[in-house]
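Notes for the structure review
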Amino acid sequence: MTTPVSDFSDEELVAYLEERLCETESARLEKAMRDSADLRVRASQLLGNQSEEGVSPGAVWARHGLSCPDRTTWSSYLLGLLDDPELVRYAQFHLETVGCRRCRANVEELQTAMTGDPQREERQRRHFESSIGRLRQIIDR
Ligand SMILES: [Zn+2]
């Protein structure tokens, strides 16, 4: 009946939401948030949302404004490993609609780093040509 994951203080949650946590801690907290409805609720409450419903990290981010998914999230996104549809939507929105420069740079770098599997590379190249490449043309015109 108790939730096992609660080794994050409110301060850490706030730091995460304000992107003051280091990458490692952010990734750890994110993982914990995915596994713990309690943590998600706490995070959303810290954002002023009193909903008792479980709130996904994507929703937390979206509500928080346009803060950036971290690199772990982006690599999962690139690999198609994000299992939270809301988070995928948010990542797409953030990258393609918002066109966050910081995240685009991150994603490009990750893309470059993810070489070694030609098939995967090809899949990603196609994906980026179809979506991000197109949007980049729009944004950078
Ligand atoms: Zn961003």
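Keep in mind that this is a model prediction, so the values were computed, not measured.

1. What about the coordination of the zinc ion?
Every protein donor of the zinc ion is accounted for by Cys 68 (SG), His 94 (NE2), Cys 100 (SG) and Cys 103 (SG), and the metal-donor separations fall at 1.9 to 2.3 Å. Classification of the site at the zinc ion rests on its four donor atoms, whose angles at the metal span 102 to 116 degrees, yielding the label tetrahedral.

2. Observations regarding the nonpolar core
The biggest cluster of nonpolar side chains holds 13 residues, and the ones touching the most others in it are Trp 74, Tyr 77, Leu 78, Leu 95, Cys 103, Val 107 and Leu 110. At the level of secondary structure, the elements contributing two or more residues to this core comprise α5 (71-79), α6 (85-98) and α7 (101-113). One finds Phe 8, Leu 13, Leu 29 and Leu 39 within the second-largest nonpolar core, a separate group that totals eleven residues.

3. Side note on the packing of helix α1 (residues 10-17) against helix α2 (residues 23-35)
Running from N to C, α1 and α2 cross one another at 105 degrees; their axes reach a closest spacing of 10 Å. Here α1 lies roughly perpendicular to α2, going by the angle between them. Contact residues: α1 offers Glu 12, Leu 13 and Tyr 16, while α2 offers Glu 25, Ser 26, Leu 29, Glu 30 and Met 33. In the contact of α1 with α2, the residues fall into four nonpolar, one polar and three charged.

Cut-offs applied
Residues numbered from 1 in each chain as written. Predicted model: local features only at pLDDT ≥ 70, side-chain atom pairs only at ≥ 80, totals over all residues. Heavy atoms only, no water. Donors = N, O, S within 2.8 Å, 3.2 Å for Na, K, Ca; no water. Tetrahedral: all angles 85-135°; square planar, octahedral: opposite > 155°, others 65-115°. Core = buried A, V, L, I, M, F, W, Y, C linked by side-chain atoms within 4.5 Å. Buried < 20%, exposed > 50% of the residue type's maximum accessible area, 1.4 Å probe, protein only. Helix = DSSP H or I, 4+ residues; strand = E, 2+ residues; numbered from the N terminus. Axes fitted to C-alpha atoms, helices over the stretch in contact; angles between N-to-C directions. Parallel < 35°, antiparallel > 145°, perpendicular 65-115°, else oblique. Contact = heavy atoms within 4.5 Å. Nonpolar A, V, L, I, M, F, W, Y, C, P; charged D, E, K, R; others polar.

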